[in-house]
Structure formats: C-alpha cells, structure tokens
Amino acid sequence: MSAIAMPLVAALWGLAAGSALLFGAALGYLLPIPQRVVAAVMAFGSGVLVSALAFELMDEAVRHDGLWSTSIGFLAGGLAFTLANRQLCAWGARHRKRSGTQQPAAGEGAALAIALGAVLDGIPESVVIGVGLLEGGGVSLVTVAAVWLSNLPEGMSSAAGMRKAGRGAAYVFGLWGGITLLTGVAAMAGFTLFDGLPPAAVAATMAVAAGAILAMIADTMIPEAFEVTHDFTGLVTVAGFLCAFVLSRLAG
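Residues numbered from 1 in each chain as written. Predicted model: local features only at pLDDT ≥ 70, side-chain atom pairs only at ≥ 80, totals over all residues. Heavy atoms only, no water.

### Observations regarding the packing of aromatic side chains
Going by this rule: The pairing test for Phe, Tyr and Trp rings, Trp by its six-membered ring, is centres within 6.5 Å, and the orientation test on the planes gives stacked under 30 degrees, edge-to-face over 60, and tilted for anything in between. Working definition: helices are DSSP H or I runs of at least four residues, strands are E runs of at least two. Numbering for both runs from the N terminus. Summary of the burial criterion: residues with accessible area below 20% of their type's maximum are buried, those above 50% are exposed, and those between are partly exposed, where the area comes from a 1.4 Å probe applied to protein chains only. Ring-over charges, as used throughout, are those where CZ of Arg or NZ of Lys falls within 6 Å of the ring centre and within 35 degrees of the ring normal.
Per the counting criterion, the structure on display carries four aromatic pairs. Their ring planes at 75° and their centres at 5.6 Å tell us that Y29 and F173 sit as a pair that is edge-to-face. Here Y29 is found in helix α1 (residues 5-30), whereas its partner F173 is found in helix α6 (residues 169-194), with 144 residues between them in sequence. Note on F173: relative accessible area 25%, which makes it partly exposed. Here a set of aromatic residues connected by ring pairs shows up, and it is made of F55, F241 and F245. The residue whose ring lies beneath R167 is Y171, and the NZ or CZ to ring-centre distance is 5.1 Å.

### Quick look at the packing of helix α5 (residues 141-164) against α6
The line we're drawing: Axes here mean lines fitted to C-alpha atoms, for a helix over just the part in contact, with angles spanning 0 to 180 degrees between N-to-C directions. Should an angle lie under 35 degrees it is considered roughly parallel, over 145 roughly antiparallel, and from 65 to 115 roughly perpendicular; all remaining angles are considered oblique. The handedness criterion is simple: a crossing whose near helix is rotated anticlockwise from the far helix by less than a right angle is left-handed, and one whose near helix is rotated clockwise is right-handed. Only heavy atoms matter for contacts: two residues are in contact if any of them lie within 4.5 Å across the pair. Charged means Asp, Glu, Lys or Arg here, nonpolar means Ala, Val, Leu, Ile, Met, Phe, Trp, Tyr, Cys or Pro, and polar covers whatever is left, Gly included.
Put simply, α5 and α6 touch, their axes get as near as 10 Å, and they point 155° apart. In terms of axis orientation, α5 runs roughly antiparallel to α6. For the element pair α5 and α6, the recorded crossing hand is right-handed. Note on element contacts: α6 touches α5 through Y171, V172, L175 and W176, opposite E154, S158, A159 and M162. Among the residues making up the contact of α5 with α6, the classes are represented as six nonpolar, one polar and one charged.

### Here's the deal with the pattern of salt bridges
Pairing between side chains becomes possible if they bear opposite charge and their charged atoms approach one another. Spelled out, the test is: Note on definitions: salt bridges are taken to be side-chain nitrogens of Lys or Arg within 4 Å of carboxyl oxygens of Asp or Glu.
Evaluated as defined, the whole model comprises one salt bridge. R63 is paired through a salt bridge with E60; the nearest N and O atoms lie 2.3 Å apart. Taken together, the residues R63 and E60, both in helix α2 (residues 35-65) and three residues apart, mark about one turn of the helix.

### A look at the environment of S140
Tracing the backbone shows S140 in the loop between α4 (111-132) and α5. Sequence spacing of S140 and E56 is 84 residues, and the spatial spacing of their C-alpha atoms is 8.4 Å.

### A short note on the nonpolar core
We apply this condition: Definition of nonpolar core: a set of buried residues of the types Ala, Val, Leu, Ile, Met, Phe, Trp, Tyr and Cys, connected through side-chain atoms within 4.5 Å.
Residues L49, L175, W176, I213, M216 and I217 are the most contacted members of the largest nonpolar core, which totals 41 residues. The set of elements that each furnish at least two residues to this core consists of α1, α2, α3 (67-93), α4, α5, α6 and α7 (199-229). The leading source of residues in this core is α7, at nine residues. Discounting chain neighbours no more than four positions away, the residues touching M216 are L49, F81, K97, D121, E125, E154 and M221. Ranked by size, the runner-up nonpolar core spans nine residues in total, among them V127, V131, A186 and M206.

### Here's the deal with the environment of L49
Looking at the element boundaries, L49 is found in helix α2. According to the relative accessible area criterion, L49 is buried, its value standing at 3%. The spacing of L49 and F241 is 192 residues in sequence and 7.3 Å in space, taken between C-alpha atoms. Dropping the residues within four chain positions of it, L49 is found in contact with E125, A146, V147, S150, I213, M216 and I217.

### Observations concerning the environment of A90
Mapped onto the elements, A90 comes out in helix α3. Placed 23 residues apart in sequence, A90 and A113 show a C-alpha to C-alpha distance of 9.0 Å.

### Overview of α1
What counts is decided by this rule: Here, expected helix span is obtained from the residue count minus one, scaled by 1.5 Å. At every residue, the bend is computed as the angle between two fitted axes, covering the seven residues ending there and the seven beginning there respectively.
Helix length check: α1, at 26 residues, gives a terminal C-alpha distance of 37 Å against a target of 38 Å (1.5 Å per residue), a fit within 8%. The sharpest bend along α1 comes to roughly 30°, located at A17.

### Quick word on the UniProt feature "transmembrane region" (unreviewed entry) in the protein
For clarity, the cut-off: UniProt positions are given in the numbering used here, feature names are shortened, and annotations may be inferred rather than shown by experiment.
Per the UniProt record, the feature "transmembrane region" (unreviewed entry) sits at residues 6-30, 37-55, 67-84, 129-149, 170-194, 200-220 and 232-251. In residues 6-30, the share of helix is 100% and the share of strand is 0%. The end C-alpha atoms are 36 Å apart. The span residues 170-194 is 100% helix and 0% strand, and its two end C-alpha atoms sit 36 Å from each other.

### With respect to the packing of α2 against α7
Packing of α2 against α7 leaves a shortest axis separation of 8 Å and a crossing angle of 160°. Between α2 and α7, the crossing angle belongs to the class labelled roughly antiparallel. Like other packed secondary-structure pairs, α2 and α7 cross with a definite hand, here left-handed. Partitioning the contact of α2 with α7 into residue classes produces 25 nonpolar, five polar and four charged.

In structure tokens:
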C-alpha cells in the first residue's frame, strides 16, 4: 500500500472506532435507556479495554523496548492523564461521563471543560490505533473492537447526563460528532508522526497511551458503572475482560 494511502487507512480505522461515541450519544440522548443498562455496558467496556491494553499494548511495548522503560512510560501516561483530568475537573468536567443528574446544568460554564475532557478521554485510544499500523501494515482488530466497545457506553452515558442537565441536541451531537472526527485525525497522526521512528519510540508511545487509558478507566468509567450496578460491577467487568482476552487469543 502506498505511503499516501496508509495515513488515510489509519484515519478510517480511527473513525470506525470513534463512531461508537456518536452512535452511543444518539442512543443515550434519544432513547430512554435505563441507567442500570448504561452502567452495565460501561462496566463491560471497561473490562474489554483493560484486557486490550494489557495483552495488546503492554505486551507489544515490552517486546520492543524492555520492561523498565515500558514501566516508566506506563506510569508517565497515568500521571499525565491524572494531572490533566484534575485540572478539567476543577473547571467543571468531573462528571462528564455520568448518566444521572451529576453533570452541571446548561449555562453553568462547564461546556468547554466537558468538551476538552471528551478529547482527553478519547485521543490516546485513537493514537494507539494509528501507531499499531506501523507494526506491519495491519491494524489490530482486537484493539479497534475494544476501543469501539468502550466508546459506546461513554457516548451513551455522557449524552444521557447532558440531556438531563438541559443541554440541547445541537450541543450534544456537535460535541460527539466533532470528537468522532478527531479520533480519525488522532489515528492518522499516530501513524504519520511515528512512521520511521525506532521501534523503541513506538513502544514508549504505546506504554504512555496504555497508562493514560487505564487512568481514564479508573477515574471516569468505573465510578459511573459502580454508581448503579454496585456489587455486579466486578462481574460485568470480568466478563468484558474475558471477552476481549478470548478474541485476542483467537486472532493470534
């Protein structure tokens, strides 16, 4: 495949994974989906994403760059997300993925923070998809599926909460439509910026992204899932983890 076509392929895969955000937002905003269902899907998506970052990203990073450098990158990614998320929370985006009434009402000035939070949550996953194409021209379908399955409940839950907070359809679908487009741009950037770099640099990027993704799951997805499903959160998350693990073994 030509050098021009490959970035476009990366963008299309990023859009494919990110499309779940817009689809989930439509479901959450337009349909009266029970909050318990949204939370259960959130827990399942969390398990899927944890499995993907453990067996796809971290394994690949260690194979190319060694255990210690991968560990440092992983911690750095978690730290970077935590610091950025703390600032966004201070600006009003703490409950951006909640499907209940926790989100700030329309007009309270948190709209930009919520939008930035959505970008912060989704971009590392998309960059990983683009970087993964550098490994030989083929995208990891397990990674794409994991990102898609984690994006679906994010869009559902956040859009449902935005509706309850009084935000209009133009804001909700404008936000998630824009984020969906950015996932394609991020995947293209992940391929273009790291093409030609040493394998160690690619592996370090995967480790940093994995750390950021895990911190995002713990800070924003699991709390929403536990808010409603309570004692069943662990079991549903385990089911998601097992589903992705089985898919990765079958694909391998």
